[in-house]
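Structural features, examined
The primary structure of each chain is shown beneath.
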Amino acid sequence: MDISVVIPLYNEEESLPELASWIERVMNANGFSYEIIFVNDGSTDRSMDVIHSLAEKNPSIHAISFSRNYGKSPALDRGFHRAQGDVVITMDADLQDSPDEIPELYRMIKEEGYDLVSGWKKKRYDPLSKTIPTKLFNATARRVSGIKNLHDFNCGLKAYRKDVVKHIEVYGDMHRYIPYLAKNAGYKKIGEKVVHHQARKYGHTKFGLDRFVNGYLDLGTLWFQSRFGIKPMHIFGLLGSLMFIIGLIAVFIVLVLKIIAMNSTSFNFYVTKSVYFYLSLTAMVLGVQFFCTGLVGELITRNSAERNNYLIAEEF
Ligand code: UDP
Ligand code: MG
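**So, the coordination of the magnesium ion (ligand 2)**
Listed as protein donors to the magnesium ion (ligand 2) are Asp94 (OD) and Gln96 (OE1); their distances from the metal cover 1.9 Å. This pair shows no difference in class: Asp94 is buried, exactly as Gln96 is.

Here it is, written out as structure tokens:
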């Protein structure tokens, strides 16, 4: 099979018939063998009925239906799990992404050898309240992830070599960082294609302003995971040791000052009034805590089922 199209959707009943027939048209015109996997993320409207009736007319249409709303990431993850095509394309269900981009995305994966090609909505039809924070967000994501050539991390329209989607786990709200996940898994050839974007025709956006807060928090998690995820002691141990040493120096200062004061008649020194005393207390306590956190982290990673999951590029 050439292509799997994975479409996460949450209450998109109006868009689905148009989307399905548009994809069919593009696939038939290019002679692709394909499947469409709708992942219904707990819709409460008639989306599932619509999908049933579409599937009756087209055997290439399949569905996975969640019992409740889990989020776009879990929907993508399950779609990826199911996908069988050589190239896997994801797109949003709201008709903001154009199926006309599919043939070129397919070609870039197949002929130019990309692992992942992300769409870039260079000209966006979204409100300013969304486009400006998005610019900021993408700039941060570029820096943190080190994927310098991507302008639009969170574009719903993306193409993957099948191998890639089988080796990444999209959980939480990590769909915003799939290129970063792919890079961390060992896939380096990540490209971009300018894609057409349209205003939402039906319904409304499913993400509020919290997307930006959560987006940044997730970026922090991913950064931490990729740098220290399997060696937490490297960061916590270092921080803990530094803190402890600072505390030790402060203790030493307190001791010396106290001894001097005890042997002198003119110089008074009260331990509990000294800034060094408080510094030594907090620094040593924090230091030990950091260190223990690192140790516990090490124990957890040593027991994680994924600790030895390395992507092997070639094997004889
Ligand atoms: N979506 C989903 N589960 C959710 C929220 C959204 O499957 O909890 C789907 C939604 O139906 C759409 C895609 O994810 O197909 C992108 O959502 P939306 O268009 O609301 O996001 P925006 O374009 O505003 O970023
Ligand atoms: Mg949308």
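**Things to note about the packing of aromatic side chains**
Within this structure, the stated rule accounts for ten aromatic pairs. Measuring from centroid to centroid gives 6.0 Å for Trp223 and Phe228, while their planes differ by 85 degrees, and the two rings are edge-to-face. Ring centres of Phe277 and Tyr278 lie 5.2 Å apart, and the angle between their planes is 75 degrees; on these two criteria the pair is classed as edge-to-face. Every member of this aromatic cluster is reached through a ring pair, and the members are Trp223, Phe224, Phe228, Phe236 and Phe290. Above the face of the Tyr270 ring, Lys273 is positioned so that its terminal group lies 5.0 Å from the ring centre.

**Notes on unusual backbone geometry**
Peptide bonds are trans in most cases, and residues, glycine excluded, mostly fall at negative phi. You will see that Asn11, though not glycine, has its phi angle at about 55 degrees, which is positive. Within the secondary structure layout, Asn11 lies in the loop between strand 1 (3-9) and helix 1 (16-30). The phi torsion at Leu95 lies on the positive side, around 70 degrees, for a residue other than glycine. Position of Leu95 among the secondary structure elements: in the loop between strand 4 (87-90) and helix 4 (102-110). With a relative accessible area of 4%, Leu95 lands in the buried category.

**Examining helix 5 (residues 128-145)**
With 18 residues, helix 5 should cover 26 Å at 1.5 Å per step; its first-to-last C-alpha distance of 25 Å lies within 8% of that length. Buried within helix 5 we find Lys130, Thr131, Thr134, Phe137, Asn138, Ala141 and Ser145. Down the axis of helix 5, the buried set is contained in an arc of 125 degrees. They therefore lie on one face. Opposite its buried face, helix 5 presents the exposed residues Leu128, Ile132, Lys135, Leu136 and Arg143, each directed more than 90 degrees away. Contacts from the buried residues of helix 5 go to helix 7 (178-185) and helix 8 (210-228). Residue Gly146 follows helix 5 closely and has a positive phi angle near 75 degrees.

**Considerations on the packing of helix 1 against helix 2 (residues 47-57)**
Angle between the axes and distance between the axes: these two values describe a pair of packed helices. Helix 2 packs onto helix 1 with a crossing angle of 30 degrees between their chain directions and a minimal axis gap of 10 Å. In the crossing of helix 1 with helix 2, the sense of the turn from one axis to the other is right-handed. In this structure, helix 1 uses Leu16, Pro17 and Ala20 to contact helix 2, whose residues at the interface are Ser47, Val50, Ile51 and Leu54. Its residues assigned to classes, the contact of helix 1 with helix 2 shows six nonpolar, one polar and no charged.

**Some details on the nonpolar core**
Of all hydrophobic cores here, the largest spans 36 residues; its most connected members are Ile3, Ile7, Phe38, Ile89 and Met91. For this core, the elements supplying multiple residues, two or more each, are strand 1, helix 1, strand 2 (34-40), helix 2, strand 4 and helix 4. Top element by residues in this core is helix 1. It accounts for seven residues. In contact with Ile89, not counting residues within four places along its chain, are Ile3, Ser4, Val5, Val6, Ile102, Leu105, Leu157, Lys158 and Ala159. Ranked by size, the runner-up nonpolar core spans 31 residues in total, among them Ile37, Ala75, Tyr177 and Leu219.

**Thoughts on the sheet that holds strand 6 (residues 158-161)**
The strands that make up a sheet pair up through hydrogen bonds in the backbone, lying either parallel or antiparallel. In spatial order, the strands read 3-2-1-4-6-5-7; together these seven strands make up an open sheet with mixed pairing. Lying at the two open borders of the sheet, with one neighbouring strand each, are strand 3 (61-65) and strand 7 (190-194). Strand-to-strand twist in this sheet, taken as the mean axis angle between neighbours without regard to direction, amounts to 20 degrees. Pairing analysis gives three bridges linking strand 5 (residues 116-120) to strand 6, with the strands arranged antiparallel. Bridge pairing in strand 6 links Val117 to Ala159. Relative to strand 2, helix 1 is tilted by about 160 degrees, and along the sheet it contacts strand 1, strand 2 and strand 3.

Cut-off values and rules
- Residues numbered from 1 in each chain as written.
- Chains lettered and ligands numbered in written order.
- Predicted model: local features only at pLDDT ≥ 70, side-chain atom pairs only at ≥ 80, totals over all residues.
- Heavy atoms only, no water.
- Donors = N, O, S within 2.8 Å, 3.2 Å for Na, K, Ca; no water.
- Buried < 20%, exposed > 50% of the residue type's maximum accessible area, 1.4 Å probe, protein only.
- Phe/Tyr/Trp six-rings, centres within 6.5 Å; stacked < 30°, edge-to-face > 60°.
- Lys NZ or Arg CZ within 6 Å of the ring centre and 35° of its normal.
- Helix = DSSP H or I, 4+ residues; strand = E, 2+ residues; numbered from the N terminus.
- Expected span 1.5 Å × (residues − 1).
- Arc of directions from axis to C-beta.
- Contact = heavy atoms within 4.5 Å.
- Axes fitted to C-alpha atoms, helices over the stretch in contact; angles between N-to-C directions.
- Left-handed = near helix turned anticlockwise from the far one by under 90°.
- Nonpolar A, V, L, I, M, F, W, Y, C, P; charged D, E, K, R; others polar.
- Core = buried A, V, L, I, M, F, W, Y, C linked by side-chain atoms within 4.5 Å.
- Pairing = 2+ DSSP bridges.

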